[in-house]
Amino acid sequence: MAKISRKVKTIRVDADKCNGCRLCEVVCSAFHAEPKYSSNNPARSRIQVISHRLRNIWLPVFAGEYTPAECMGRDKYVIDGKEYDECGFCRASCPSRSIFKEPDSGLPLKCDMCESDPPLSEPMCVQWCLNDVLVYEEREEEVEEEIKVGDVEIGLDALVNKYGLQKVMDTVARIAKRDN
Ligand code: SF4
Ligand code: SF4
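Quantities reported herein were computed from a predicted structural model and do not represent experimental measurements. (Residues numbered from 1 in each chain as written. Chains lettered and ligands numbered in written order. Predicted model: local features only at pLDDT ≥ 70, side-chain atom pairs only at ≥ 80, totals over all residues. Heavy atoms only, no water.)

(A) Structural context of the pattern of salt bridges. Under the defined criterion, the tally for this structure stands at 13 salt bridges. Among the ionic pairs, Lys7 bridges to Glu138, the shortest N-O distance being 3.8 Å. With a gap of 131 residues between them, Lys7 in strand β1 (residues 3-13) and Glu138 in strand β6 (residues 134-144) connect regions that are remote in the sequence. The class for Lys7 is partly exposed, based on a relative accessible area of 46%. Between Arg74 and Glu86 there is a salt bridge, with the nearest N and O atoms lying 3.3 Å from each other. Of this pair, Arg74 sits in the loop between β3 (57-62) and β4 (76-79) while Glu86 sits in strand β5 (residues 82-86), placing them twelve residues apart in sequence. Of the residues examined, Arg74 reaches a relative accessible area of 47% and is grouped as partly exposed. Bridged by salt links that share partners, the residues Arg6, Arg139 and Glu141 form one connected network. (Salt bridge = Lys/Arg side-chain N within 4 Å of Asp/Glu carboxyl O. Helix = DSSP H or I, 4+ residues; strand = E, 2+ residues; numbered from the N terminus. Buried < 20%, exposed > 50% of the residue type's maximum accessible area, 1.4 Å probe, protein only.)

So, in structure tokens, the structure goes:
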């Protein structure tokens with residue numbers, strides 16, 4: 001397979017600096033509202049701050065890929081005496097929990113690094129984290145060419161897994177008929 005050069009985007013998280021203000025959740029959900037900035041709802045944010053005040057845990061986690069199935073087992077970390085939740089560091093939109101899903105439809109949410117036209121100098125959550133917890137970095141990397149799976153396909157996959165192919169096809173056909 002051919003090698004191509006691609007831009008790798010990283011957000012470095014210095015969790016020790018996070019105070020749990022959740023401004024990142026507010027700006028992310030506002031930026032991704034349709035139309036942009038028309039509403040905000042942290043439940044729709046692609047970053048979630050896992051907070052446990054009594055355990056002194058403030059952990060920003062970014063929404064990763066959708067997965068149709070749970071892992072066979074869960075992990076639970078204790079680091080420097082702090083006990084984190086089960087799957088506490090996991091980024092997946094997973095059937096085992098409610099985060100990283102649209103609250104109304106259950107469709108998967110995924111951080112897209114605020115790819116936008118025109119592009120932002122830095123993602124919204126990075127720009128608005130006033131405690132410098134989030135630091136944006138870019139680099140070029142050689143990778144094998146891959147087939148890109150778009151958000152629409154991932155969303156359809158999730159619906160098919162939940163309701164079955166026939167039901168999704170019937171619904172799409174009904175909507176198409178209604179909207180013509
Ligand atoms: S905006 Fe920064 S300090 Fe506030 S919760 Fe998010 S990561 Fe933490
Ligand atoms: S990079 Fe953009 S999409 Fe990802 S969590 Fe931050 S604001 Fe949301």
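(B) Summary view of the site of ligand 1. Neighbouring ligand 1 are the residues Cys18, Asn19, Gly20, Cys21, Arg22, Cys24, Val49, Pro60, Cys129, Asn131 and Val133. Among the residues making up the shell around ligand 1, the classes are represented as seven nonpolar, three polar and one charged. (Near = heavy atom within 4 Å. Nonpolar A, V, L, I, M, F, W, Y, C, P; charged D, E, K, R; others polar.)

(C) Local environment of helix α3 (residues 151-163). The end-to-end C-alpha distance of α3 is 18 Å, a good match for the 18 Å that 13 residues give at a rise of 1.5 Å each. What α3 keeps buried is the set Ile154, Gly155 and Ala158. Projected down its long axis, α3 carries its buried residues within an arc of 100 degrees, all on one side. Of the residues trailing α3, Gly164 is marked for its positive phi of about 95 degrees. (Expected span 1.5 Å × (residues − 1). Arc of directions from axis to C-beta.)

(D) Main features of the environment of Cys114. The topology assignment puts Cys114 in the loop between β5 and α2 (124-128). A relative accessible area of 9% places Cys114 in the buried class. Sequence separation of Cys114 and Cys24 is 90 residues, and the distance between their C-alpha atoms is 12 Å.

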